[in-house]
Amino acid sequence: MINDQEGQQTQIQLFLEHTAVVAWLKDAGGHLVFASNNYLRRFGWTREHAYGKTEYQLWPEAQAKEYRQNDLKLLQQPGPLEVIEKAVDADGTVSWWFGSKFLFTDAQGQHFFGGVAVDITACKQSEIRLAKSNQRYSQLLDSMPKGIVLTCFKNQAIVYTNPRFDHLFGYAAGELIGQPISKINAPTDKSPEGVANSIIAALERDGVWRGEVACLRKDGSRFWSFTTVSNFNHPQFGRVWLSVSDDISERKQIESALRISEARYIRAVNGSKDGIWEWNIQTNEEYLSPRWKFLLGYLDHELPSVRASFIDNIHPDDKDYVLHALNEHLQHRGPYEVEMRLRCKNGEYRWFHSRGNAEWDAFGQPLTLAGSISDITERKLVEHDLRIAAIAFESQEGMTVTDVNGTILRVNRAFSQITGYAPEEVIGKNPSFLRS
């Protein structure tokens, strides 16, 4: 029986000495009493050098302390202990080992610390490279000026947010981790869950989703973001959605203000007696308001909003004058304000007063010219009649102008020459005094 046991021990020792793994045995004080051939060769020792020495005599202090602490843990737990430990090879390079340590007691009751380990350096180096890659990736996301959030595909829970995202939504770092992504979606005509589901459907169909999202901050306030969502396989979380968000609240406010301004402008144009026009000089596009067309006798659909609808309807005698005034305004920024005749739908020419102002770019090039026209035909007819009356009043026949009571208000030069009375002698009197 004793011979059988000795034979088994010899076989075990031979196995451990020649195995590809490293194996060792230390006494209770930590002195090395056995090491496999691969153990000695890997770390550049001989049995004469290594046997009888403690960890602190063989290894750097940091490694020796770690080894000893792990050995002593065996005294406090049943069964073996699995560890990952670092070592320094004979050539000075660092290697990593996955080991199984165990407590061994011989027939005399003496305790020994044993262990076997396999080299996992290649695996550990890959793990370190992956960790560094993840760290660089995380640093990149953390430094981005846009909000970044990673959402787990399986349960739609948030697994990562960068500082910008936390700031946008008013949360402390890490506070959103584990929360459903729908938590940050503000309710609109769709529920937050509905918004999330529509994004999910687009991702499944197209692989990417872009759009405006109504967002909800921690304090309950709302804002708009433009968000791009894609998906990829994350080494730690599996399939995730990557969402990149940018706060567009200011843009939305500008758009809202613009819509209000445009509505106000449309109301003003529709309620104005004047016709509004605008010429885009860069594209030569023309806008003529419905009122502009109405002043010429057209319905909106009957006259196209093109440059020719204006130019071709200017009276031939006025065209050069109008175009010259336009060029003077665009080239020298003088005022553009003219009176001209435009041909109406019925062929009649009517008089219009037109004014406008241009906008120029930073290089002094005109961009647009906008203004209005108003019908002054009645005023021009009155002015014409007044001119005729003035000519007649200054004729060679004596004339007086009286009010309804017959009191003289004005006399012409011929009246004074014929009667011999100066204007100041008769104004305020009744013409009947001339018969006395």
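Cut-offs used in this document
- Here, residues in each chain are numbered from 1, in the same order as that chain's written sequence.
- Local features in this predicted model are restricted to residues whose pLDDT is 70 or higher, and side-chain atom pairs enter the listing and the counts only when it is 80 or higher, whereas totals over whole chains, interfaces and linings include all residues.
- Computation of side-chain values covers all heavy atoms of the structure but excludes hydrogens and water.
- We count a stretch as a helix when DSSP gives it H or I for four or more residues in a row; a strand needs E for two or more, and each element gets its number in order from the N terminus.
- Each residue is assigned to one of three classes by its accessible area relative to the maximum for its type, calculated with a 1.4 Å probe on protein chains only: buried under 20%, partly exposed between the two thresholds, exposed over 50%.
- Whether two residues are in contact is decided by their heavy atoms, any of which lying within 4.5 Å being enough.
- At least two bridges found by DSSP between two strands is the condition for calling them paired.
- To define axes, lines are fitted to C-alpha atoms, for helices over the stretch in contact only, and angles between the resulting N-to-C directions are given on a 0 to 180 degree scale.
- To define a nonpolar core, start from buried Ala, Val, Leu, Ile, Met, Phe, Trp, Tyr and Cys residues and group those joined through side-chain atoms within 4.5 Å.
- When a carboxyl oxygen of Asp or Glu lies within 4 Å of a side-chain nitrogen of Lys or Arg, that pair is called a salt bridge.
- A helix is expected to span 1.5 Å for every residue after the first.
- Note that the arc is computed from the directions linking the helix axis to the C-beta atoms.

Asks: Lay out the side chain of Lys-252 with the relevant residues and their values.
Replies: Locating Lys-252 in the fold gives a position in helix α9 (residues 249-271). A relative accessible area of 19% places Lys-252 in the buried class. In this structure, Lys-252 is in contact with Glu-212 and Trp-224, ignoring residues within four places of it in sequence.

Asks: An account of the environment of Thr-368 is needed here, citing residue identities and associated values.
Replies: Of note, Thr-368 is situated in strand β15 (residues 366-375). For Thr-368, a relative accessible area of 19% puts it in the buried group. Sequence separation of Thr-368 and Ala-358 is 10 residues, and the distance between their C-alpha atoms is 5.4 Å. For Thr-368, the residues in contact, after removing those within four places along its chain, are Trp-279, Asn-280, Ile-281, Asn-357, Ala-358 and Glu-359.

Asks: Explain the sheet that holds strand β3 (residues 81-88) to me, and be specific about the residues and the numbers.
Replies: Reading across from one edge, β2-β1-β5-β4-β3 is the order of the five strands in this open sheet, with antiparallel pairing throughout. The open sheet has two edge strands, β2 (32-35) and β3, and neither has a second partner. Within this sheet the neighbouring strands show an average axis-to-axis angle of 30 degrees, counted without direction. Two elements, strand β4 (residues 94-105) and strand β5 (residues 111-119), share nine bridges in a ladder whose sense is antiparallel.

Asks: Tell me about the sheet that holds strand β11 (residues 275-280), residues and numbers included.
Replies: Taken in spatial order, the five strands make up an open sheet running β12-β11-β15-β14-β13, and their pairing is antiparallel. Unpaired on one side and paired on the other, β12 (285-288) and β13 (336-343) mark the two borders of the sheet. Strand-to-strand, the axes of this sheet are offset by a mean angle of 25 degrees, without reference to chain direction. Bridge count between strand β14 (residues 349-360) and β15: nine bridges; the pairing is antiparallel. Note that in β15 the partner of Glu-359 across the bridge is Thr-368. Lying over the sheet, helix α12 (residues 316-332) contacts β11, β13, β14 and β15, oriented at roughly 150 degrees with respect to β13.

Asks: So what's going on with the nonpolar core? Residues and values would help.
Replies: Counting residues in hydrophobic clusters, the biggest one holds 23 residues, and the most contacted among them are Trp-292, Leu-296, Phe-310, Val-322, Tyr-336, Leu-342 and Ile-373. Of all elements in the fold, only β11, α10 (290-295), α11 (308-311), α12, β13, β14 and β15 reach the threshold of two or more residues within this core. Among the nonpolar cores identified, the runner-up in size contains 21 residues, and Tyr-171, Ile-181, Trp-209 and Val-229 belong to it.

Asks: Could you give me a rundown of the pairing of strand β7 (residues 158-161), with the residues and numbers involved?
Replies: Pairing analysis gives three bridges linking strand β6 (residues 147-152) to β7, with the strands arranged antiparallel. Following the sheet pairing, Leu-150 is matched in β7 by Tyr-160. Hairpin connection from β6 to β7: five residues lie between these consecutive antiparallel strands, with Gln-156 at a positive phi of about 60 degrees.

Asks: Describe the pattern of salt bridges, listing the residues and the values that go with them.
Replies: Under the defined criterion, the tally for this structure stands at 25 salt bridges. A salt bridge links Asp-247 to Arg-217, with the nearest nitrogen and oxygen atoms 3.9 Å apart. In this pair, Asp-247 is assigned in strand β10 (residues 238-247) and Arg-217 in the loop between β8 (208-216) and β9 (222-234), connecting sequence segments 30 residues apart. A relative accessible area of 23% means that Arg-217 is categorised as partly exposed. In this structure, Asp-375 engages Arg-350 in a salt bridge whose closest nitrogen and oxygen atoms are separated by 2.8 Å. Remark: Arg-350 occurs in strand β14 and Asp-375 occurs in strand β15; sequence separation between them is 25 residues. A network of salt bridges, in which partner residues are shared, links Lys-26, Glu-55, Asp-71, Glu-85 and Lys-101.

Asks: Tell me about helix α5 (residues 61-73), residues and numbers included.
Replies: Every α-helical turn comprises 3.6 residues, leaving residues that sit three or four positions apart pointing alike. Compared with an ideal rise of 1.5 Å per residue, which puts 13 residues at 18 Å, α5 spans 18 Å between its outermost C-alpha atoms and is within 8% of the ideal. Restricting attention to buried positions, one finds in α5 the residues Gln-63, Ala-64, Tyr-67, Arg-68, Asn-70 and Asp-71. For α5, the buried positions fall inside an angular range of 165 degrees around the axis, keeping them on one side. Structural note: α5 exposes Glu-61 and Ala-62 on the side pointing more than 90 degrees away from its buried face.

Asks: Just give me the short version of unusual backbone geometry, but keep the residues and values in it.
Replies: With phi around 60 degrees, Gln-156 is a residue other than glycine that occupies positive phi space. Along the chain, Gln-156 turns up in the loop between β6 and β7. The class for Gln-156 is partly exposed, based on a relative accessible area of 26%. In this structure, Arg-333 takes a positive phi of about 65 degrees despite not being glycine. Here Arg-333 is to be found in the loop between α12 and β13.

Asks: Run through α12, naming residues and quoting values.
Replies: Spanning 17 residues, α12 covers 25 Å between terminal C-alpha atoms, matching the ideal 24 Å at 1.5 Å per step. Listed in full, the buried residues belonging to α12 are Asp-318, Val-322, Ala-325, Leu-326, His-329 and Leu-330. All buried residues of α12 fall inside an arc of 125 degrees around its axis, so they share one side. Those residues of α12 that are exposed and angled more than 90 degrees off the buried face are Pro-316, Asp-317, Asp-320, Gln-331 and His-332.

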